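Next come the chains, spelled out residue by residue.
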Amino acid sequence: MSTQAPPAPTCEVHNPTEQWLRMDRIPHIWCPGCGIGSSVNCFTDALEKSKIPRDNVSIVSGIGCTGRTAGYLKLDSFHTTHGRPIAFATGLKLANPKLKVVVYSGDGDLFAIGGNHFIHAARRNMDMTVICVNNMTYGMTGGQVTPTTPLTAKATTSPYGNFEEPFNLPYLAESCGAVYVARWTSFHVRQLSKSIREALLKPGFTFIEVVAPCPTLYARRNRLGAGIDAMKYYREQSEIKNGAPTRDVALGFQSKIICGKFVDTSRPTWLEAQVQQHRAVLGDKFTLAENWEGVGEPRED
Amino acid sequence: MSQVEKAKPKIRGEVIVDRERCKGCYFCVEFCPTDVLAMSEDFNLKGYHFPEIIAADRCTGCGLCGAYCPDFAIFGHRI
Ligand SMILES: Cc1ncc(C[n+]2csc(CCOP(=O)(O)OP(=O)(O)O)c2C)c(N)n1
Ligand code: SF4
Ligand code: SF4
Ligand code: SF4
Ligand SMILES: [Mg+2]
């Protein structure tokens with residue numbers, strides 16, 4: 001196929017997301033109308049507004065369409081193995097507690113194969129922000145059922161409709177101990193950006209679910225139209241209820257989507273708890289690891 | 001002297017489209033609050049329709065089109 005090279009950009013102002021991207025890798029692989037790209041705009045906007053120095057941020061993804069995100073972002077990026085981004089992120093954080101570590105991955109990666117890492121990182125209040133793009137399917141491998149596929153939805157592995165009860169992700173995250181939990185859809189770009197910024201600036205295990213369209217697989221198999229149809233559904237069927245009890249925010253097939261910030265609390269992070277415990281027991285014999293200065297000092301939030 | 005005073009609205013924003021990067025998803029056209037954009041009948045090199053600026057003077061530079069665009073193909077800014 002012969003195509004001309006796209007015309008070189010002639011404009012002196014640039015898309016604000018570009019400065020955060022590895023432009024040599026753009027255009028990306030995501031399908032037309034896929035919601036992952038919109039979530040990336042919100043993430044980079046949040047990062048910019050958070051004023052966290054770029055060199056202090058590390059982004060970790062697993063495998064999947066969403067997992068490509070780390071590779072597109074011009075940050076210290078880790079594209080890890082399937083299901084393991086939280087394990088890698090934990091290692092990064094402990095080796096260098098000054099890093100702001102972000103995990104950006106899909107529902108399958110984080111809650112099927114990676115579910116165990118998620119629950120324990122939340123329980124330990126491991127200091128990281130986890131962003132899950134929930135398209136309710138394994139996008140990259142052809143549209144199989146994930147732990148968040150709604151009841152009755154069709155998938156490659158549920159041709160007669162899903163009969164497994166899905167996870168309610170905010171409820172799961174809160175039950176396991178996350179200190180910040182929010183859900184938005186890729187339609188709620190402003191709210192999503194604000195939530196990501198809050199999560200980035202909060203110590204401890206912070207979690208944001210982004211409900212987003214996978215038009216190519218999830219929507220096509222369920223005859224839900226294109227990405228824009230999913231976006232219109234989000235606009236019409238979402239209800240913002242900040243502080244809603246997470247047990248009440250489960251998602252059904254094309255159901256109402258309760259969005260908002262559900263949890264915003266505080267408790268010692270894993271690093272702080274470790275330092276406090278060892279200091280209490282060992283007294284003068286306790287010495288802080290070389291690059292852990294400041295860990296365990298009182299904080300304001 | 002006329003009792004009526006009329007002010008031409010000041011142009012507040014500018015929107016920029018990189019049509020070759022567009023995959024024709026429609027998000028920007030649908031969610032621009034002031035209907036600055038419409039989908040072109042034309043195709044880009046990859047075969048996608050792309051947004052056309054039909055009312056540049058209505059652009060407020062709110063940046064929503066860029067926030068939605070999954071392909072980083074459009075953005076608006078205040079001027
Ligand atoms: C150990 C292992 N098992 C299975 C796979 C195949 N695999 C690749 S991506 C993926 C699922 C991705 O789904 P999700 O995390 O929801 O991301 P999405 O593509 O939907 O964004 C699977 C099962 C793999 N790469 N490695
Ligand atoms: S398969 Fe689905 S999730 Fe993957 S890029 Fe395409 S639309 Fe997005
Ligand atoms: S949002 Fe982006 S990809 Fe979608 S139609 Fe507009 S410019 Fe094209
Ligand atoms: S910047 Fe705002 S007003 Fe201007 S085209 Fe984009 S969405 Fe419309
Ligand atoms: Mg998925």
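In what follows, the structure referred to is the one given above.
Residues numbered from 1 in each chain as written. Chains lettered and ligands numbered in written order. Predicted model: local features only at pLDDT ≥ 70, side-chain atom pairs only at ≥ 80, totals over all residues. Heavy atoms only, no water.

A.B. asks: Could you clarify how one ought to interpret the coordination of the magnesium ion (ligand 5) in this entry?
C.D. replies: Ideal donor angles around a metal are set by the shape: a four-donor tetrahedron calls for 109.5 degrees, a six-donor octahedron for 90 or 180 degrees. All names here are of chain A. Coordination of the magnesium ion (ligand 5) by the protein involves Asp107 (OD), Asn135 (OD1) and Thr137 (O), with metal-donor separations of 2.0 to 2.2 Å. In terms of primary sequence, the donors binding the magnesium ion (ligand 5) are separated according to D-x27-N-x1-T. Under the relative-accessibility criterion, Asn135 is labelled buried at 7%. Judged by relative accessible area, which is 3%, Thr137 ranks as buried. (Donors = N, O, S within 2.8 Å, 3.2 Å for Na, K, Ca; no water. Buried < 20%, exposed > 50% of the residue type's maximum accessible area, 1.4 Å probe, protein only.)

A.B. asks: Would you explain the site of ligand 1 in this entry?
C.D. replies: All names here are of chain A. The local shell around ligand 1 holds 16 residues, among which Cys65, Thr66, Asp107, Gly108 and Asp109 are the closest. In the model, an oxygen atom of ligand 1 is placed 2.6 Å from a nitrogen or oxygen of the Thr66 side chain. Between ligand 1 and Met140 there is a distance of 2.9 Å, counted from an oxygen atom to a backbone nitrogen or oxygen. Here ligand 1, which alone exposes 590 Å², has 73% of that area covered by the protein. (Near = heavy atom within 4 Å. Polar contact = N/O pair within 3.5 Å; in protein donor to acceptor, adjacent residues only side chain to side chain. Areas by Shrake-Rupley, 256 points an atom, 1.4 Å probe, with all protein chains shown as cover.)

A.B. asks: Got a minute to help me understand unusual backbone geometry in this structure?
C.D. replies: Note on backbone geometry: most residues besides glycine have negative phi, and most peptide bonds are trans. All names here are of chain A. In this model, Ile26 is joined to Pro27 through a cis peptide bond whose omega is 10 degrees. Among the secondary structure elements, Pro27 is positioned in the segment before helix H1 (36-50). Although it is not a glycine, Thr152 sits at a positive phi angle of roughly 75 degrees. The residue Thr152 is located in the loop between strand S4 (128-134) and helix H6 (169-176) in this model. You will see that Gln254, though not glycine, has its phi angle at about 55 degrees, which is positive. The topology assignment puts Gln254 in the loop between strand S7 (238-240) and strand S8 (257-264). (Helix = DSSP H or I, 4+ residues; strand = E, 2+ residues; numbered from the N terminus.)

A.B. asks: Whenever I open this one, the interface of chain B and chain A confuses me. Can you help?
C.D. replies: Interface extent is often summarised as the accessible area lost during association of the parts. Each partner contributes to the interface: chain B provides 27 residues, whereas chain A provides 34 residues. Taking both sides of the interface into account, the surface hidden between chain B and chain A amounts to around 2400 Å²; carbon and sulfur atoms contribute 66%. When the shortest N-O distance is used, the salt bridge between Arg21(B) and Glu18(A) registers 3.0 Å. Viewed at the interface, chain A and chain B are joined by 14 residue pairs in polar contact (both at pLDDT 80 or more). (Contact = heavy atoms within 4.5 Å. Buried area = accessible area lost by both parts, 1.4 Å probe. Salt bridge = Lys/Arg side-chain N within 4 Å of Asp/Glu carboxyl O.)

A.B. asks: Would you mind showing me how to read the site of ligand 2 here?
C.D. replies: Within the structure, ligand 2 sits among Trp30(A), Cys31(A), Cys34(A), Cys65(A), Asn135(A), Gly139(A), Cys214(A), Pro215(A), Thr216(A) and Leu217(A). Classifying every residue of the shell around ligand 2 by side-chain character gives seven nonpolar, three polar and no charged. (Nonpolar A, V, L, I, M, F, W, Y, C, P; charged D, E, K, R; others polar.)

A.B. asks: How should a nonpolar patch on the surface be read in this particular structure?
C.D. replies: On the surface, a cluster of nonpolar side chains totalling about 240 Å² of accessible area is made up of Ile29(A), Ile63(A) and Met140(A). With respect to the secondary-structure elements, Ile63(A) resides in the loop between strand S1 (57-61) and helix H2 (69-72). (Patch = residues over 30% accessible without salt bridge, like charges linked within 9 Å, V, L, I, M, F, W, Y side chains within 5 Å.)

A.B. asks: What should I look at first to understand helix H3 (residues 85-95) of chain A in this one?
C.D. replies: Every α-helical turn comprises 3.6 residues, leaving residues that sit three or four positions apart pointing alike. For H3(A), the set of buried residues is Pro85(A), Ile86(A), Ala89(A), Thr90(A), Leu92(A) and Lys93(A). Relative to the axis of H3(A), the buried residues are bounded by an arc of 165 degrees and lie together on one face. (Arc of directions from axis to C-beta.)

A.B. asks: What's the story with the pairing of strand S5 (residues 180-185) of chain A in this structure? I'm lost.
C.D. replies: Within a regular beta strand, the side chains point alternately toward one face of the sheet and then the other, so they alternate between its two faces. All names here are of chain A. Among the six residues in S5, six count as buried, and that is most of the element. Neither face of S5 is open: one carries Tyr180, Ala182 and Trp184, the other Val181, Arg183 and Thr185, and all of them are buried. In terms of strand pairing, S5 meets strand S6 (residues 205-211) through six bridges, oriented parallel. Bridging across to S6, Val181 finds its partner in Phe207. Remark: the S5/helix H7 (residues 189-200)/S6 crossover connection has right-handed handedness. Direction of pairing for S5 relative to S8: antiparallel, over a ladder of four bridges. (Pairing = 2+ DSSP bridges. Right-handed = clockwise from strand over helix to strand, strands pointing away.)

A.B. asks: I tried to follow the environment of Gly83(A) on my own but got confused; where do I start?
C.D. replies: Residue and element names in this part refer to chain A. Secondary-structure assignment places Gly83 in the loop between strand S2 (76-79) and H3. Expressed as a C-alpha distance, the spacing of Gly83 and Asn116, which sit 33 residues apart in the sequence, is 9.1 Å. Gly83 has contacts with Asp109, Ile113, Gly114 and His117, leaving out every residue within four places of it along the chain.

A.B. asks: Teacher, can you tell me more about the sheet that holds S8(A) here?
C.D. replies: Sheet strands associate in pairs through backbone hydrogen bonding, adopting either a parallel or an antiparallel arrangement. All names here are of chain A. On the basis of which strands lie adjacent, the open sheet formed by eight strands has the order S2-S1-S3-S4-S6-S5-S8-S7 and mixed pairing. Pairing within the sheet leaves two strands with one partner each, and these edge strands are S2 and S7. Each strand axis lies, on average, 20 degrees off the axis of its neighbour in the sheet, ignoring direction. The pairing of S1 with S2 spans four bridges and is classified as parallel. Paired with Val60 across the two strands is Phe78, which belongs to S2. (Axes fitted to C-alpha atoms, helices over the stretch in contact; angles between N-to-C directions.)

A.B. asks: Got a minute to help me understand the nonpolar core in this structure?
C.D. replies: In globular proteins that are soluble, nonpolar side chains generally tend to be buried together. Residues and elements named next belong to chain A. Phe43 and Ile196 are the most contacted members of the largest nonpolar core, which has 55 residues in total. Among the elements that line this core, the one with the most residues is H1, at six residues. Dropping the residues within four chain positions of it, Ile196 is found in contact with Cys42, Phe43, Ala46, Ile131 and Ile208. Val103, Leu172, Ala178 and Phe262 belong to the second-largest nonpolar core, a separate cluster that totals 29 residues. (Core = buried A, V, L, I, M, F, W, Y, C linked by side-chain atoms within 4.5 Å.)

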